[in-house]
Amino acid sequence: MKKPYRYPVLIHEYQRLVGEYQRLVHEYQRLVGEYQRLVHEYQRLVGEYQRLVNGVQRLIHEYQRLVGEYKRLIHEYKRLINGVQRVCYAFALTHPAISNTA
């Protein structure tokens, strides 16, 4: 014969376990929400990092363009200086007062 006085204890234990299960489900849902928030933040940071990398690449490209422009200007400046020197030398050769003192 079963002891009837054990049923209230079992019911109480069952209710306690259901409450614990519900608490664990709630904690799990909270952790899932936190995980999703962290994934969202990670994706935001990856996007920000990518924007920064793109910005640095643009700066490098612009720097390289400016270096090329600078080199071109130096070449042009040297060419102009050489032209001025040739004109001055030709003028000195053809001008009697300058060519005698040279």
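Just so it is clear, the model here is predicted, and its values are computed rather than measured.

Asks: What should I look at first to understand the overall build of the chain in this one?
Replies: Along the chain, the regular secondary structure elements total two helices and zero strands. Taking the principal axes of its C-alpha atoms as reference, the chain extends roughly 145 × 15 × 15 Å. In the chain, which comprises 102 residues, the proportion classed as buried is 2%. Entry remark: accessible area of the chain is about 9,900 Å², with carbon and sulfur atoms responsible for 65%. Across the chain, the centroid of the 16 positively charged side chains sits 3 Å from that of the 9 negatively charged ones.

Asks: For this particular structure, what's the right way to read the pattern of salt bridges?
Replies: Proximity of charged atoms lets side chains of opposite charge pair with each other. Under the definition given, this model contains nine salt bridges. For the salt bridge of Arg 23 with Glu 20, the shortest nitrogen-to-oxygen distance reads 2.8 Å. Of the two residues, Arg 23 and Glu 20 are both situated in helix α1 (residues 6-94); the distance of three residues between them amounts to about one turn of the helix. Given the relative accessible area of 30%, Glu 20 is considered partly exposed. A salt bridge links Glu 62 to Arg 65; the shortest N-O distance between them is 2.6 Å. Pair noted here: Glu 62 and Arg 65 are both in helix α1, with a separation of three residues, about one helical turn. Note on Glu 62: relative accessible area 34%, which makes it partly exposed.

Asks: Explain a nonpolar patch on the surface to me, please; I cannot follow it from the model alone.
Replies: Among the surface-exposed residues, Tyr 7, Leu 10 and Ile 11 lie close enough to one another that they form a single nonpolar patch of about 300 Å² accessible area. Looking at the element boundaries, Tyr 7 is found in helix α1.

Asks: I would appreciate a short explanation of the environment of Gly 68 in the present structure.
Replies: Structurally, Gly 68 is set in helix α1. Assessed through its relative accessible area of 36%, Gly 68 is described here as partly exposed. Note: C-alpha distance between Gly 68 and Val 9 (59 residues apart in sequence) is 87 Å.

Each value, and the rule that gives it
Residues numbered from 1 in each chain as written. Predicted model: local features only at pLDDT ≥ 70, side-chain atom pairs only at ≥ 80, totals over all residues. Heavy atoms only, no water. Helix = DSSP H or I, 4+ residues; strand = E, 2+ residues; numbered from the N terminus. Buried < 20%, exposed > 50% of the residue type's maximum accessible area, 1.4 Å probe, protein only. Areas by Shrake-Rupley, 256 points an atom, 1.4 Å probe, with all protein chains shown as cover. Lys, Arg positive; Asp, Glu negative; His and termini not counted. Charge placed at Lys NZ, Arg CZ, Asp CG, Glu CD. Salt bridge = Lys/Arg side-chain N within 4 Å of Asp/Glu carboxyl O. Patch = residues over 30% accessible without salt bridge, like charges linked within 9 Å, V, L, I, M, F, W, Y side chains within 5 Å.

Don't take any of this as a statement about function, it's just geometry.
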